Amino acid sequence: MNKREDLYEKIVELAVRRGFFWQSYEIYGGVAGLVDLGPLGAVLKRNIEEKWREWFIIRHQDFIVEIETPMITPRAVFEASGHLEHFTDPIVECRRCGRKFRADHLVEEKTGTTVEGLKPYELTKIIKENDIKCPICNGNLGEVREFSLLFQTTIGPYSENVGFLRPEAAQGMFTSFKRVYEAMRGKLPLGIGQIGRVGRNEISPRQGVIRLREFTIMEVEFFFDPEEPSCPLLPEVENDEIRLISGDMKKAKTKEPIVVTVREGLKKKLIVNEWLAYFLAIGQKFVKDLGIPLEKQVFEEKLPYERAHYSTQTFDQLVKVSRWGWIEVAGHSYRGRYDLSRHIAYSRKDLTVYRQFREPRLVRIEELEVDAEKLKEFYGENSAKILRAISESDKNILLKELESKGYLSIAGFRIPKELFKVKVVEREMKGKRFIPHVVEPSYGAERLLYATLEYAYTIKEGRVILKLPKDIAPISVAVLPLVNREPLVNLARKIYDNLKLTKLRAIYDSSGSIGRRYARSDEIGIPLALTVDYRSLENNTVTLRDRDTWRQVRIKIEEAYKKIPLYIKGELTFEQLGTPVS
RNA sequence: GCGGCCGUCGUCUAGCCUGGAUUAGGACGCCGGCCUUCCACGCCGGCAAUCCCGGGUUCAAAUCCCGGCGGCCGCACCA
């Protein structure tokens, strides 16, 4: 056990003892991958969320908005999103030694054929036919089972209606995209953000708060016109330096990141999209505001086989922590048109958006035309019904279906493609419909919470000081009578009551010596200690003590109510609070 | 899930190997009181552990055995 590992243990110990977080349901033995946030942890997390809002929502509020959608999600959504298919692994267990293997990997290895998309019973059959044994102990293998990382439940009293807990918040933003788009009066680009809980039924979560079965995601789905992919805000960040490990560098086993400006990263085609690059820059500022320096952050591109099924480029935003090295606190994905186009195909709803051209353009388009005469011939009196159904449907979707299947199932009939004609015509178009592309920055709140604590954790003269950023610290000020005695106590209580009215989070502490109370307050990261002493009674002043330097200034009580909130927001320096105490 | 190590007051730990004299001890913490004019002061008193849960062996189990749950490490897994 080296020093670095100790740091994790010390933080967990502090977290449990002082009320940041601990294992859930521990009186029943606990459950791996579930944690409770205590009184301090809950506020700390809220402050981190609020900081995220500042960076991602509030500064872009004219085109990025926040919504809330449910955790419980019907099956159809995850069929469309691909999660049911891709979030599942076929697992087979050895009957002798109990070891578990990926059934598809095993079969592919032994037979040399690809078995992608095969059902569990098909894989079981192949294993039996080829007499595939346990690669470790050569024992017989059992039935292939699906292991899904999705938590499953039923919606309502009928067990047929299967629902899942979302493993990411994104799908709620895609399925309600059209509503938000309309509410935002049909403008692109449009960002839809959400902070919400998600569930992933991890096989073996360890690493405490780092890998959870239920956690909070903070993400933005940012929709834009792929023909207008440039980011007008780029100049604000284009000279920011980011530390980056590209896919090519990873293939070449380079572990040291290169430092490039955002502009260079785009120019060298390391980053495929300007918005993606923009959010990398915003993201590192956000994480820096939590007290994690830039040199402890890095963006690592995921290789194709490491990427999620929906992504064409993904950067993990990594932060260095003591015990596990670089951990992922965010994924920045270019999801392209994948999600919306899947939802269009599966729901048959039009989720495209319309953009008017400045000048009308001549565009060659394919048009679907029905042979009404033949339709009448084949379907008789049903043809009217069919025609109506066709005219009510989106022609482009029908055209796609016709092309892929060779027929159209509509109004309860199966219409062969011979009854349709596809005409290519030139048309003057005033605009076009298209599927927006999506860039997604997605943060894990609990991991950020842990990393924030770790970077705040310092030891001074043998005492723990949590140097949390002032606006992130769960409690802003501690009010302390120098000694636990009247009339100091009375005045201190009055000041405490008044501070609460300023909506600051404050505590009052009179137990033990003043030194002990300073130490207690440092340990949970309270940036300021306000001490009422005997001079306070004479001239209505108090001392303020800085957590990090232990320096003190003296300030008029009335001014303290105004200046302390400003100091917490970072608008005043400590020295500006009052006159130094020698 | 597999293998290794581990699980005692809120926290850190002594005791476990070599079952019984410990009412399961200590330190820190916390609470109350005294003291105290600025960095975990001191004193007094108190709170706090059916020794993770369940079963077994035994006259007797924190201690030995089995199972479960949980933690850490390694393997696998991590869209």
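The rules behind these values
Residues numbered from 1 in each chain as written. Chains lettered and ligands numbered in written order. Predicted model: local features only at pLDDT ≥ 70, side-chain atom pairs only at ≥ 80, totals over all residues. Heavy atoms only, no water. Helix = DSSP H or I, 4+ residues; strand = E, 2+ residues; numbered from the N terminus. Buried < 20%, exposed > 50% of the residue type's maximum accessible area, 1.4 Å probe, protein only. Contact = heavy atoms within 4.5 Å. Areas by Shrake-Rupley, 256 points an atom, 1.4 Å probe, with all protein chains shown as cover. Pairing = 2+ DSSP bridges. Axes fitted to C-alpha atoms, helices over the stretch in contact; angles between N-to-C directions. Phe/Tyr/Trp six-rings, centres within 6.5 Å; stacked < 30°, edge-to-face > 60°. Lys NZ or Arg CZ within 6 Å of the ring centre and 35° of its normal. Salt bridge = Lys/Arg side-chain N within 4 Å of Asp/Glu carboxyl O. Near = heavy atom within 4 Å. Polar contact = N/O pair within 3.5 Å; in protein donor to acceptor, adjacent residues only side chain to side chain. pLDDT = per-residue confidence, 0-100. Patch = residues over 30% accessible without salt bridge, like charges linked within 9 Å, V, L, I, M, F, W, Y side chains within 5 Å.

So, on to the overall build of chain A. For chain A, the helix and strand inventory stands at 21 helices and 29 strands. Over its C-alpha atoms, taken along the principal directions, chain A stretches across nearly 105 × 70 × 55 Å. Each of the 582 residues in chain A was classed as buried or not, and the buried ones make up 49%. Once local pairs closer than 6 in sequence are excluded, the contacts in chain A between residues at least 24 apart make up 68%. For chain A, the accessible surface area stands at approximately 29800 Å², while carbon and sulfur atoms represent 49% of it.

A few words now on the sheet that holds strand β4 (residues 72-74). Across the sheet, which stays open at both edges, the three strands sit in the order β4-β9-β8 with antiparallel pairing between neighbours. For this open sheet the edge positions go to β4 and β8 (152-154), each flanked by a neighbour on one side alone. Taken over all neighbouring pairs, the strand axes of this sheet differ in orientation by 45 degrees on average, direction set aside. Taken together, the three bridges between β4 and strand β9 (residues 162-165) define a ladder with antiparallel strand orientation. Residue pairing in the sheet places Thr 73 in a bridge with Phe 164 of β9.

Next up on the list: the packing of aromatic side chains. Evaluation of the coordinates by the stated rule reveals 23 aromatic pairs. Ring geometry for Trp 275 against Tyr 278: centres 5.9 Å apart, planes inclined by 90 degrees, an arrangement best described as edge-to-face. Here Tyr 278 and Trp 275 lie together in helix α12 (residues 274-289), a separation of three residues that amounts to about one turn. Each member of the pair, Trp 275 together with Tyr 278, is buried. Following the ring pairs from residue to residue traces out a cluster consisting of Trp 52, Phe 56, Phe 63, Phe 222, Phe 224, Trp 275, Tyr 278, Phe 279, Phe 286, Tyr 334 and Tyr 443. Here the guanidinium or amino end of Arg 335 rests over the ring plane of Tyr 310, the centre of that ring lying 3.5 Å away. For the cation-ring pair, Arg 493 lies above Tyr 508, with the distance from its terminal atom to the ring centre recorded as 4.2 Å.

With the rule as written, the count across this model stands at 35 salt bridges. Of the charged contacts in the structure, one is a salt bridge between Glu 214 and Arg 197, with a shortest N-O distance of 2.7 Å. With Glu 214 in strand β11 (residues 214-224) and Arg 197 in strand β10 (residues 190-199), the pair connects residues that are 17 residues apart, well separated along the chain. Overall, the relative accessible area of 31% leaves Arg 197 in the partly exposed class. Salt-bridge contacts for Arg 355 lead to Glu 227; the nearest nitrogen and oxygen are separated by 3.7 Å. Of this pair, Arg 355 sits in strand β17 (residues 353-370) while Glu 227 sits in the loop between β11 and α9 (234-237), placing them 128 residues apart in sequence. A residue is classified by how much of its surface remains accessible, and Arg 355, at 16% relative accessible area, is buried. Salt bridges linked by common partners bring Asp 225, Glu 227, Glu 228, Arg 355 and Lys 432 together as one network.

With that settled, consider the pairing of strand β27 (residues 541-546). Look at any regular strand and the pattern is simple: side chains alternate between the two faces of the sheet. In terms of residue burial, β27 counts as a mostly covered element, since six of its six residues are buried. Here β27 shows two buried faces, one formed by Thr 541, Thr 543 and Arg 545 and the other by Val 542, Leu 544 and Asp 546. Sheet topology places β27 next to strand β28 (residues 552-556); five bridges connect them, and they run antiparallel. Looking across to β28, one finds that Thr 541 is bridged to Lys 556. Linking β27 to β28, which pair antiparallel, is a turn of five residues; within it Trp 550 sits at a positive phi near 65 degrees.

Moving on to the protein's contact with RNA strand B. Taken together, 46 residues form the shell around RNA strand B, and within it Arg 200, Arg 206, Arg 485, Ser 513 and Arg 520 come nearest. Among atoms of RNA strand B positioned within 4 Å of the protein, sugar and phosphate together represent 53%. The backbone of Gly 208 places a nitrogen or oxygen atom 3.1 Å from a phosphate oxygen of RNA strand B. Within the contact set of RNA strand B, a base nitrogen lies 2.7 Å away from a side-chain nitrogen or oxygen of Asp 533. Among the secondary structure elements, those contributing two or more residues to the surface near RNA strand B are α1 (3-18), α19 (514-523) and β27.

Further remarks concern the confidence of the model for chain A. Model confidence for chain A is summarised by a mean pLDDT of 88, while 94% of its residues fall at 70 or above. Predicted complex metrics record ipTM = 0.91 and pTM = 0.86.

Here we take up the sheet that holds β28. Two pairing modes exist for strands in a sheet, parallel and antiparallel, and in both the strands are linked by backbone hydrogen bonds. What the six strands build is an open sheet, ordered β25-β24-β26-β27-β28-β29; its pairing is mixed. Looking at the sheet topology across the chains shown, the edges are occupied by β25 (506-508) and β29 (579-580). Here helix α21 (residues 557-569) sits on the sheet and contacts β26 (528-532), β27 and β28; the angle it forms with β28, its principal contact strand, is near 125 degrees.

Right, let's get into the side chain of Ser 176. Here Ser 176 lies in the loop between α7 (170-175) and α8 (177-183). There is a polar contact of 2.6 Å between the side chain of Ser 176 and the backbone oxygen of Gly 172. Ser 176 has contacts with Ile 67 and Thr 69, leaving out every residue within four places of it along the chain.

Among the surface-exposed residues, Tyr 25, Ile 27, Tyr 28 and Val 31 lie close enough to one another that they form a single nonpolar patch of about 540 Å² accessible area. Take Tyr 28: it is sitting in the loop between β1 (21-23) and β2 (35-37).

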